[in-house]
Amino acid sequence: MKKKTIHIILKWNEAAIFHSEAPDTILAHCQILKIFSKTDKYVWWGKVSVSGYLGLKKDDLKSINSQIKDKIPTYIFLYCPDKSFPTMHVGKLEEVSIEDKSFDIHTPSYYRDLKQKYPIPFWFKISDITELSLSNTLENLEYENGRVFDPVSVNFYPQKIYLNSEENYFLYSNLYEHILEGKMVRCFKTGGACTRVNEKELQFNPNQVFIGCPFKQEYFNMVKYVIKPVCNELGYSTWIANEQFKNIDIMCKVCGGIQSSARAIIDITNWNANVLFELGLLYGLGKNVLLIKHDDGDAPVDLKGIEYVNYDMNNFDEAKKIIKSYMEG
């Protein structure tokens, strides 16, 4: 029988008094990861033990460090129950140590003060962090005997934990690199991690333009006879929702199109709700956006202060010049 891979689950409490100097604990550790290069990218996470009770025995460290040395993917699950919505993050574990790491340059500085007040018996070397869906993750965690893990029944951490189906949580690198690449870290519908962010179809395409417009023929004519021909002439592909046929949630499909695109052309004529929602996602993910509007249409008051281009439905030649100028800029 194949030996199960040992993972670790750790509970941390953001509201605890010893986190007062680091109100966003995950961010504090991710900022350390951002500082260092890939060959030296890691951060130490300390297990602060106020009570002194520990679920992980020192004898377990040899087994865990041994499997890491054998290049077996090993994870530490970071469970925070005391937010409005409990969260689960996962770290890529590189080592477990009992040596003090509070003054290491790879350790958030607030640990130095904590070390003077509370014991920190274990230090976890983490080379990556990302957020997971709490409910989906808990369903996949179990004890060695196969019993499903229940965080409510556990009184002390860290705990050894196992996966009932193996996962690769780190096809991408650091959590914040998703943002830098215009990727959706948290799903706006479920509140959990974006489950599609690692799919091949969502790979960033620097030559793809997302097009957003109301689903009416007059706007499709602008797309068909102006925007698409100009984009194709300049070597760009276009992404528009009604040309993409996928058996998935419509907004999940649209979100995927936005994530994989480098820039966007959005028609804000007459306050179309779907288009404005797409625009919000585009701005939130830092995409380069050109706003266009029909001469005879209205624009939302909050967007009137943003530069946009008026076009005439009866003069597509002029509209082509404007779009081409934007795409070449």
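Before reading on, note that the structure itself is shown above.
How each quantity is defined
- Residues numbered from 1 in each chain as written.
- Predicted model: local features only at pLDDT ≥ 70, side-chain atom pairs only at ≥ 80, totals over all residues.
- Heavy atoms only, no water.
- Helix = DSSP H or I, 4+ residues; strand = E, 2+ residues; numbered from the N terminus.
- Contact = heavy atoms within 4.5 Å.
- Pairing = 2+ DSSP bridges.
- Axes fitted to C-alpha atoms, helices over the stretch in contact; angles between N-to-C directions.
- Phe/Tyr/Trp six-rings, centres within 6.5 Å; stacked < 30°, edge-to-face > 60°.
- Buried < 20%, exposed > 50% of the residue type's maximum accessible area, 1.4 Å probe, protein only.
- Lys NZ or Arg CZ within 6 Å of the ring centre and 35° of its normal.
- Expected span 1.5 Å × (residues − 1).
- Arc of directions from axis to C-beta.
- Right-handed = clockwise from strand over helix to strand, strands pointing away.
- Parallel < 35°, antiparallel > 145°, perpendicular 65-115°, else oblique.
- Left-handed = near helix turned anticlockwise from the far one by under 90°.
- Nonpolar A, V, L, I, M, F, W, Y, C, P; charged D, E, K, R; others polar.

A. The environment of Leu-282, seen in detail. Note on placement: Leu-282 falls in helix H8 (residues 273-284). Beyond its immediate chain neighbours, meaning those up to four positions away, Leu-282 contacts Phe-210, Ile-258, Ala-264, Ile-266, Lys-287 and Val-289.

B. Spotlight on the sheet that holds strand E10 (residues 261-267). Pairing in this open sheet of five strands is parallel, and the strands run E9-E8-E10-E11-E12 from one edge to the other. Lying at the two open borders of the sheet, with one neighbouring strand each, are strand E9 (237-239) and strand E12 (309-311). Direction aside, neighbouring strands of the sheet carry axes that sit 30 degrees apart on average. Here strand E11 (residues 288-294) pairs with E12 via three bridges, running parallel.

C. Broad picture of the packing of aromatic side chains. Counted under the stated rule, the structure contains nine aromatic pairs. With 4.7 Å between their ring centres and 20 degrees between their planes, Tyr-110 and Tyr-111 make a pair best called stacked. Exposure remark for Tyr-111: the relative accessible area of 1% places this residue in the buried category. With 5.6 Å between their ring centres and 55 degrees between their planes, Tyr-143 and Phe-149 make a pair best called tilted. Given a relative accessible area of 14%, Tyr-143 falls into the buried group. Here the aromatic residues Tyr-110, Tyr-111 and Trp-123 are joined through ring pairs into a cluster of three or more. The residue whose ring lies beneath Lys-4 is Tyr-162, and the NZ or CZ to ring-centre distance is 5.9 Å.

D. Molecular detail of helix H9 (residues 316-328). Look at H9: 18 Å from first C-alpha to last across 13 residues, which is about the 18 Å you get at 1.5 Å a residue. Looking at H9, one finds that the buried residues are Ala-319, Ile-323, Tyr-326 and Met-327. Taken around the axis of H9, the buried residues stretch over an arc of 95 degrees, which confines them to a single face. Away from its buried face by more than 90 degrees, H9 exposes Asp-317, Lys-321, Ser-325 and Glu-328. In this structure, the buried residues of H9 make contact with strand E8 (205-212), helix H6 (217-233), E10, E11 and E12.

E. View of the pairing of E11. Most of E11 is tucked away: six of the seven residues are buried. In this sheet, E11 lies alongside E10 in parallel orientation, the contact comprising five bridges. Of the residues in E11, the one forming a bridge with Asp-267 is Ile-292. Between the parallel pair E10 and E11, the chain is carried across by H8, and the sense of this crossover is right-handed.

F. Spotlight on the packing of helix H7 (residues 250-260) against H8. One way to put it is that H7 packs onto H8 with a least axis distance of 10 Å and a crossing angle of 40 degrees. Between H7 and H8, the angle falls in the class oblique. For the pair H7 and H8, the sense of crossing is right-handed. From H7, Met-251, Val-254 and Ile-258 reach across to H8, where they touch Phe-277, Glu-278, Leu-281 and Leu-282. Residues belonging to the contact of H7 with H8 are distributed by class as follows: six nonpolar, no polar and one charged.

Geometry only, nothing functional implied.
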